[in-house]
Amino acid sequence: MLKSFTDHCKTYSVPALKNTIRIFEQLLYPLKCLKCGVYIDPDTVKPHTMEACFCDHCMGPGFHPIDTPFCIKCGIQFHQITVSGFDENHVCEACLKAPLKLDRVRAAIEYKGIIKDAIPLFKYHSKLSLAKVFEHLLFQTFLCHYSRSQIDLILPVPLHKKKLRERGFNQAYLMIRSFIKTYQKSY
Ligand SMILES: [Zn+2]
Ligand SMILES: [Zn+2]
C-alpha cells in the first residue's frame, strides 16, 4: 500500500498533487461571503484577504487603513485638513487636554464600512477565517509604526476567564499568534 502511494507520488508531480488537493478543498469548503453567504470564486481573490471573506456587494467601498494625517498620541484619523492646509500628523485636541498615559496608540483600520460587520462576526460568531486577515493588517501597521522600536514583549489583551470559557478563544491572541514568526522571517 505504502509502496503504491510512493509510486503514485512519483508518477504525478508535486504541483499537480497540490492542485488536486486545492480542488478538493474548494469542493469541501467552498468560499462563501461571511455576511450574506453567496459563493465567492476562489480564483478571483487572494487567500486570507478581506476579499476572500466578503462578496463585492457586502464589501461596498471596502475598508479604510489609517493614513496621514493622524494624532501622534492616540492614533485617531483626522478627516478635515485645516484651512492652512496643515496635513501633517499632530496631537489631537483630546490628547492635548488629557494626555494619554501611554506613549502612543496605533490602529490598523478605521471602524467603519465592512469592518463594522467583520469584527462582530469574528468576535461573537466565531468566523475565525478573519483572524488571518486581521493579523496581516495588524502586522503591516506594526511594521510601519513599531519596527524601529525596542520591543520587549508583545501581548494580546487578556480575556476574562468566564468570557474565554463562553467564547472558546481569545480574539486578540488569534490576531497576533504568528507575529514573532512573521517578524523573524521579515528580518
Ligand atoms: Zn455578501
Ligand atoms: Zn489624540
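Residues numbered from 1 in each chain as written. Chains lettered and ligands numbered in written order. Predicted model: local features only at pLDDT ≥ 70, side-chain atom pairs only at ≥ 80, totals over all residues.

Participant: Explanation requested: the packing of helix 5 (residues 115–124) against helix 6 (residues 129–146) in the structure shown.
Facilitator: Helix packing geometry: the angle between the two helix axes and the distance between the axes. Between helix 5 and helix 6, whose axes approach to 9 Å, the crossing angle comes to 125°. One way to sum up the angle between helix 5 and helix 6 is to call them oblique. In this structure, helix 5 crosses over helix 6, and the sense of that crossing is left-handed. Note on element contacts: helix 6 touches helix 5 through Leu130, Ala131 and Phe134, opposite Ala118, Leu121 and Phe122. (Axes fitted to C-alpha atoms, helices over the stretch in contact; angles between N-to-C directions. Helix = DSSP H or I, 4+ residues; strand = E, 2+ residues; numbered from the N terminus. Parallel < 35°, antiparallel > 145°, perpendicular 65-115°, else oblique. Left-handed = near helix turned anticlockwise from the far one by under 90°. Contact = placed C-beta atoms within 7 Å.)

Participant: Hey, could you run me through helix 6 in this one?
Facilitator: Counting along an α-helix, one turn takes 3.6 residues, and residues three or four places apart therefore face a common direction. Helix length check: helix 6, at 18 residues, gives a terminal C-alpha distance of 26 Å against a target of 26 Å (1.5 Å per residue), a fit within 8%. Leu130, Val133 and Phe134 are the residues of helix 6 that are buried. For helix 6, the angular spread of the buried residues around the axis is 90°, confining them to a single face. Summarising the contacts, the buried residues of helix 6 are in contact with helix 5 and helix 8 (171–176). (Expected span 1.5 Å × (residues − 1). Buried ≥ 20, exposed ≤ 12 C-beta atoms within 10 Å, placed from the backbone. Arc of directions from axis to C-beta.)

Participant: Looking at this structure, I do not really get the nonpolar core. What am I missing?
Facilitator: Inside soluble globular proteins, nonpolar side chains tend to come together where they are buried. Grouped together as the largest cluster of nonpolar side chains are 14 residues, with contacts concentrated most on Met50, Cys53, Phe54, Ile114, Leu130, Val133 and Phe134. Of all the secondary structure elements, the ones that give two or more residues to this core are helix 5 and helix 6. Looking at this core, the element that brings in the most residues is helix 6, giving three residues. Not counting residues within four places of it along the chain, the set of residues in contact with phenylalanine 54 comprises Cys33, Leu34, Lys35, Met59 and Ile114. (Core = buried A, V, L, I, M, F, W, Y, C linked by C-beta atoms within 7 Å.)

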